[in-house]
Amino acid sequence: ALQTHQFTVLLLLLQITFFVLFAKFGKYARSAMPDATPQDLEGARMTSLYPMFQDTHVMIFIGFGFLMTFLKRYGFSAVSINLLLASFTIQWAMLIRGFLSLEDGHFTISLEQLLTADFASAVILISMGAMLGKLSPMQYILMSLLETPVAIVTEHVVLHHFHVNDVGGSINVHMFGAYFGLACAKAFAKKPQRGHENEGSTYHTDIFAMIGSVFLWIFWPSFNAAVAATEEARQRAVANTFLSLVACTVMTFIVSQALDKHRRFDMVHIANSTLAGGVAVGTVANVVVEPYHALLIGAAAGTISVIGYKLITPFLSNKLGVHDTCGVHNLHGMPGVLSGLVSVLLLLTGNPKVELGTTYSVVYPAMDEQGQNISASAQAVNQLVGVGIVLLVSVVSGFITGFILRLKIWNQVRDTEYFADGDFFETPGDYDFTSRII
Amino acid sequence: ALQTHQFTVLLLLLQITFFVLFAKFGKYARSAMPDATPQDLEGARMTSLYPMFQDTHVMIFIGFGFLMTFLKRYGFSAVSINLLLASFTIQWAMLIRGFLSLEDGHFTISLEQLLTADFASAVILISMGAMLGKLSPMQYILMSLLETPVAIVTEHVVLHHFHVNDVGGSINVHMFGAYFGLACAKAFAKKPQRGHENEGSTYHTDIFAMIGSVFLWIFWPSFNAAVAATEEARQRAVANTFLSLVACTVMTFIVSQALDKHRRFDMVHIANSTLAGGVAVGTVANVVVEPYHALLIGAAAGTISVIGYKLITPFLSNKLGVHDTCGVHNLHGMPGVLSGLVSVLLLLTGNPKVELGTTYSVVYPAMDEQGQNISASAQAVNQLVGVGIVLLVSVVSGFITGFILRLKIWNQVRDTEYFADGDFFETPGDYDFTSRII
Amino acid sequence: ALQTHQFTVLLLLLQITFFVLFAKFGKYARSAMPDATPQDLEGARMTSLYPMFQDTHVMIFIGFGFLMTFLKRYGFSAVSINLLLASFTIQWAMLIRGFLSLEDGHFTISLEQLLTADFASAVILISMGAMLGKLSPMQYILMSLLETPVAIVTEHVVLHHFHVNDVGGSINVHMFGAYFGLACAKAFAKKPQRGHENEGSTYHTDIFAMIGSVFLWIFWPSFNAAVAATEEARQRAVANTFLSLVACTVMTFIVSQALDKHRRFDMVHIANSTLAGGVAVGTVANVVVEPYHALLIGAAAGTISVIGYKLITPFLSNKLGVHDTCGVHNLHGMPGVLSGLVSVLLLLTGNPKVELGTTYSVVYPAMDEQGQNISASAQAVNQLVGVGIVLLVSVVSGFITGFILRLKIWNQVRDTEYFADGDFFETPGDYDFTSRII
């Protein structure tokens, strides 16, 4: 009986635990309370942050949710489990972050915490992309339960101990989510997952996926700019992301066609690789000061992303046994690494104190002459160490998680029902008919 | 001939009447006119309100419109009549509200009036959800013609005579729209409406519906916060709604699976009950000051909403003859009542003057010591009276409207064509083929 | 071989040229750079402009992209080529505009340039609507390559030499794009384009198109208000557009039904003509000061747009050989002309110095008493000259472009594959089956 009710029991217990922990430790920040001072309100910058928060919110729930509806028989799960998993992770992430910032036995919640909880859920949803179609709802929850604290503590170390600048989260969100998911997929690999007849799209599910893709594309500038510290940096981050994306999109189409023997575009590239420019410029969105640099970063990202889909994903699947349903390695993994490396390159070849003027110490606090006063090269090393830590921790924790998820004690998806809604959702009468067409 | 041209003639006459009334009585507020003073502009708070207005606008037209596309043969009507009905109601609501606030023979229009007109259209679109598939376009218009003034005058009485706090409109928008719709459905009930072969979804129409659902979910914080009087209250309303929704979503999945004998989720619950948390926290979105209260409200809402779909909707339909196409009772009705009761409970168990500090008199103007100076318990009674008035007026006026709508003088939907586009829209050649699949 | 690789080679060369030109001439404006002064930041008005920019961004990529998915076999192309073409045009438009505003050998980029690049891409996407289904990806790029500089230089002349007020771009964006597209379609006309079996929708592609349509409808107020110079004018432009759209929508439904012999609505009208109110009020969105004027403009636009679809589109196609796939003449062309004529009428019948108070010289700089000091009638003539210039230049340049596009040196779409994705996109197995249904 416990076997049958695993999802209900586990999730209910977790949700009740959340109630208790929020009751005991959570409270609203003063900027959201009746005794808010004008300074509190200004610090919360509700007016300028709220639209960027909502843009990010659209990316999480419409963007990720619909991008994953491309599978012909897994649309209900894609958009629904995305909603469930994000709702679960948002609470869990607020608690974890809260425990890392307790003051007088409480952590505080304001608009910023809602936004960073959305960011944290992005990590999990990226990993979900690699595991898409292979887990039961309960296993997705379990994955988030394990991954969220590791991701947030790692980010905390990277940002606060190594003072890494990662304004758009390309290292801490995209790389972490992608490599965790890939390692998890490796540990969870079973033969029937590969070449499964359910894996594929129909004409209309590819169009559903474009709803998610295009909204991600549109609002990515907000994602990369939202937590930049100063207004000019936010505007620059918006412009850099915008330019990176347009160049990335053009290159995606060029490479997609060039690598196809029938000179046709592939919707997988259009829906995913066009977004790689948003990832690749993320870490440096507040640092790049030349428009053409943003264009070049985007162009490079689109190119490697399509090449990834064409060459690296099959290699990972066939040779290394890493099955990556959505190709998160090409959208989040490699472009995330690229972003980290670009941040190193810009520090080694440029001079942040010149390029960023007085704001250099806001972007790179360890370089502040009143503080640690490290050199640009030392900051470059820090950035590289950040990339390395995230890569290492995500792969190890992802692999362990995949191993835990395949334990027999959990209900597993049946071999014939990978990438299919039927076992977990009530489906209308046409489900078999329309989604089996090929 | 008049019979055939009913829609054209009636709607054209109404639209011409609108032109005349707007010409005679309407003018722009000074904040939207060239002689605006800095004070006018600050009062209109364009910069902070406009994004919340646009979020609400998305909810009305994409949210409601696509949520109702789940019916397999009624997608054209759902999204199109939603657009028409809202466009009609927006004008009608502006006029009614205008006549309640005439000054020197004119009423004024600024951004706030656009927003409250959107709110008013939400009332009608909720009622439309209960009647979905049963009315002709003309009858929908007729319903709005009758319902809009009743809803707005009732709201006026509740807010201005009983000084009810209902910042997110759970009482005046959601409850009113739902119970009006249910009473209307009762009076309009005809046997062929129940168990109709057209009533049901297909795989892709359920996914279309999720576009509406997820956008409603994302932007609900703006709906509940937009008209809160102070900036900290708006931030709190956003956070309360956000937290209520995530807990509601988790509970929806738990209860949906737990109540199903095959342990499957039901897309009707996923698309609707996950939103009940937005309704249930609406009335008190500016009042709740503990994050875990918001979580608990949301969890309760998700739970009762799913139970409603499983048990109460069938009971209403089979025993009471109230056929509720979209289940608005579960998404808007009961959660709206819950929100009203929570507002009573918080007043009876707490102390608003402590919790809300100096802002208590903005939230509860009747409690202002310079004014009526009523007690918290008296305010609780007022809140309860507000719920009662809305329930009474909505049921009575809805029932009368349903009776009027079934009069033979109006063109009625044919029995075989309930929940179907074919009689009112030109349909492509595949309409019968793809939407008859079961 | 060059023939096969036309797209790759041409687009790659253009993108590399863009890199070089951006590197040599482009830089960020000071408001997006670390040395931004408070004055710079205020001038860029990031907080108030960014939400309107993002609304416009949604219109360009979701709005236009999904509105064009109505064709049953052309959905991949519609949303994908829309994304590609806009990404290309955004860069190209920034460069052209940049060269018109070089200072010290550089042009600057801030949020405003991102927004005006979006506007410029709207011009091209409107022309794409007329040519939809007839061009190969490379030909669409070629069209933008030719059209963008002509459109921007023409706009520059109209705005800066004739001081035309066109705040919502109805003349310079909508009219230009539409008449360029129509002339291009005329020059490109081939017999098999008319009455093609691929031209038509399916039930679900019409619903996909409504996603685009409704988002355009929702965010149009931002499009018309974004670049208005003063805050009260922006609020007025929002309200005028909002009112114009609701009246337009009601009239669209009335006329669509009235003109149909079976008294059915046509989804082509619902998806397109409801938007004509946004176009028709565009030029005068900051000038109209009476709410009912906005309602009347919208009502007129909806009426002529539906009549256009019913009577003028068939006439253009059958008698003049102008095949307009999306009917851009009815959504952008005639309503754009109407907007220009309304601007003339308002100047001839009103007194801007009274209606617009001290802001008249911001709206009509040529009327400034400290400057050219022209009369309202002279300004009316200027507005009319602006309409005339745009009409003339767009038709001539569109015709020449259409002629160039049909040259044999370019790969042409095969006669059987007009309005079909199959030659340019990898398509899933159900493509033929589901999209050939009629």
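Here's what I pulled together on the structure shown here. (Residues numbered from 1 in each chain as written. Chains lettered and ligands numbered in written order. Predicted model: local features only at pLDDT ≥ 70, side-chain atom pairs only at ≥ 80, totals over all residues. Heavy atoms only, no water.)

### Digging into the overall build of chain A
Applicable threshold: Every helix listed is a DSSP run of H or I at least four residues long, and every strand listed is a run of E at least two residues long, numbered separately from the N terminus. The size measure is the radius of gyration over C-alpha atoms, and the globule rule it meets is 2.2 Å times the number of residues to the 0.38 power. Relative accessible area decides the class of each residue, using a 1.4 Å probe on protein chains only: under 20% of the type maximum gives buried, over 50% gives exposed, and in between gives partly exposed. We call two residues contacting when some pair of their heavy atoms lies within 4.5 Å. Surface accessibility follows the Shrake-Rupley procedure with a 1.4 Å probe radius. Residue values consider only the protein chains on display as shielding. A residue counts as positive if it is Lys or Arg and as negative if it is Asp or Glu; His and the chain ends are not included. We put the charge of a Lys on NZ, of an Arg on CZ, of an Asp on CG and of a Glu on CD.
Counting its secondary structure elements, chain A contains 17 helices and two strands. The C-alpha atoms of chain A give 21 Å as radius of gyration, which agrees with the globular expectation for 438 residues (22 Å, within 12%). Seen along its three principal axes, the alpha-carbon backbone of chain A occupies a region of about 65 × 55 × 35 Å. Counting only residues that meet the buried cut, chain A has 69% of its 438 residues in that class. Intrachain contacts of chain A at a sequence separation of at least 6 include 81% that bridge at least 24 residues. Split by element, the accessible area of chain A, about 13200 Å² in all, is 63% carbon and sulfur. Each charge sign in chain A was given a centre, from 24 positive and 30 negative side chains, and these centres are 11 Å apart.

### Observations concerning the packing of helix α3 (residues 46–67) of chain A against helix α3 (residues 46–67) of chain B
The following threshold applies: To obtain an axis, a line is fitted to C-alpha atoms, over the contacting stretch when the element is a helix, and the angle between two such axes runs from 0 to 180 degrees between their N-to-C directions. Relative orientations are named as follows: roughly parallel for angles under 35 degrees, roughly antiparallel for angles over 145 degrees, roughly perpendicular for angles from 65 to 115 degrees, and oblique for any other angle. Here is the rule for handedness: rotate from the far helix to the near one, and if that takes an anticlockwise turn smaller than a right angle the crossing is left-handed, while a clockwise turn gives right-handed. We call Asp, Glu, Lys and Arg charged. Ala, Val, Leu, Ile, Met, Phe, Trp, Tyr, Cys and Pro are nonpolar, and the rest, Gly among them, are polar.
Their axes nearest at 9 Å, the elements α3(A) and α3(B) cross at an angle of 20 degrees. As summarised for this structure, α3(A) and α3(B) are arranged roughly parallel, according to the angle between their axes. In the crossing of α3(A) with α3(B), the sense of the turn from one axis to the other is left-handed. Of the residues in α3(B), those in contact with A:M46, A:T47, A:Y50, A:P51 and A:Q54 of α3(A) are B:T47, B:S48, B:P51, B:M52 and B:D55. Taken together, the residues of the contact of α3(A) with α3(B) sort by class into five nonpolar, four polar and one charged.

### Some words on the interface of chain A and chain C
How big an interface is tends to be stated in terms of the accessible area lost upon association of its parts. Convention followed: The term buried area denotes the loss of accessible surface (1.4 Å probe radius) that occurs when two parts are joined, taken as the sum for both partners. What makes a salt bridge here is a side-chain nitrogen of Lys or Arg within 4 Å of a carboxyl oxygen of Asp or Glu, nothing more. Each polar contact in these results corresponds to two N or O atoms within 3.5 Å; when the atoms are within protein, one needs to be able to donate a hydrogen and the other to accept it, and residues that are neighboring in sequence are counted only if both atoms are side-chain atoms.
At the junction of the two partners, chain A supplies 64 residues and chain C supplies 70 residues. Both sides together, the interface formed by chain A and chain C hides about 5800 Å², and carbon and sulfur atoms give 75% of it. Contact with chain C buries surface across chain A, with A:Y203, A:Q235 and A:F242 losing the most and accounting together for 14% of the total. Where chain A packs against chain C, one counts zero salt bridges. For the interface between chain A and chain C, the tally reads 16 residue pairs in polar contact (both at pLDDT 80 or more). Mapped onto the side of chain A that touches chain C, the elements with two or more residues apiece are α3, α8 (203–225), α9 (231–258), α10 (267–272) and α12 (291–318) of chain A. Considering each element in turn, the side of chain A that touches chain C owes the most residues, 19 residues, to α9(A). In terms of residue class, the side of chain A that touches chain C is built from 38 nonpolar, 13 polar and 13 charged.

### Topic: the interface of chain A and chain B
At the interface, 70 residues of chain A touch 64 residues of chain B. Together, A:Y28, A:P34 and A:E426 form the three largest contributors to the area buried by chain A at its contact with chain B, with a combined 12%. In this structure, the connection of chain A to chain B is made through zero salt bridges. Our count for the chain A to chain B interface comes out at 16 residue pairs in polar contact (both at pLDDT 80 or more). The leading source of residues in the side of chain A that touches chain B is helix α4 (residues 75–99) of chain A, at 12 residues.

### Describing the relation of the copies chain A and chain B
Heads up, the condition is: Superposition of the copies was done by least squares, using only C-alpha atoms of residues whose pLDDT is at least 70 in both.
Between chain A and chain B, which share one sequence, the superposing operator has a rotation angle of 120 degrees and an axial displacement of 0.0 Å; the RMSD is 0.0 Å. Those values place the two copies in the arrangement expected of a three-fold rotation axis. Among all C-alpha atoms of chain A, that of A:P51 lies closest to the rotation axis, at 3.6 Å. The residues that chain A uses at the interface reappear at the interface of chain B in only 10% of cases, marking distinct surfaces.

### Digging into the packing of aromatic side chains
Filter applied, for reference: Two aromatic rings, drawn from Phe, Tyr or Trp (for Trp, its six-membered ring), form a pair once their centres lie within 6.5 Å of each other, and the interplanar angle then sorts them: stacked below 30 degrees, edge-to-face above 60, tilted otherwise. A ring is scored as having a charge over it whenever the NZ atom of a lysine or the CZ atom of an arginine sits within 6 Å of its centre and within 35 degrees of its normal.
Counted by the stated rule, this structure contains 63 aromatic pairs over all chains. In textbook terms, an aromatic cluster arises when at least three aromatic residues are bridged by ring pairs, as seen for A:F7, A:F76, A:F425, A:Y431, B:Y203, B:F253 and B:F265. Geometry around C:Y431 places C:R73 over its ring, the cationic atom sitting 4.6 Å from the centre. It is C:K190 that lies over the ring of C:F188; its NZ or CZ is 4.6 Å from the centre.

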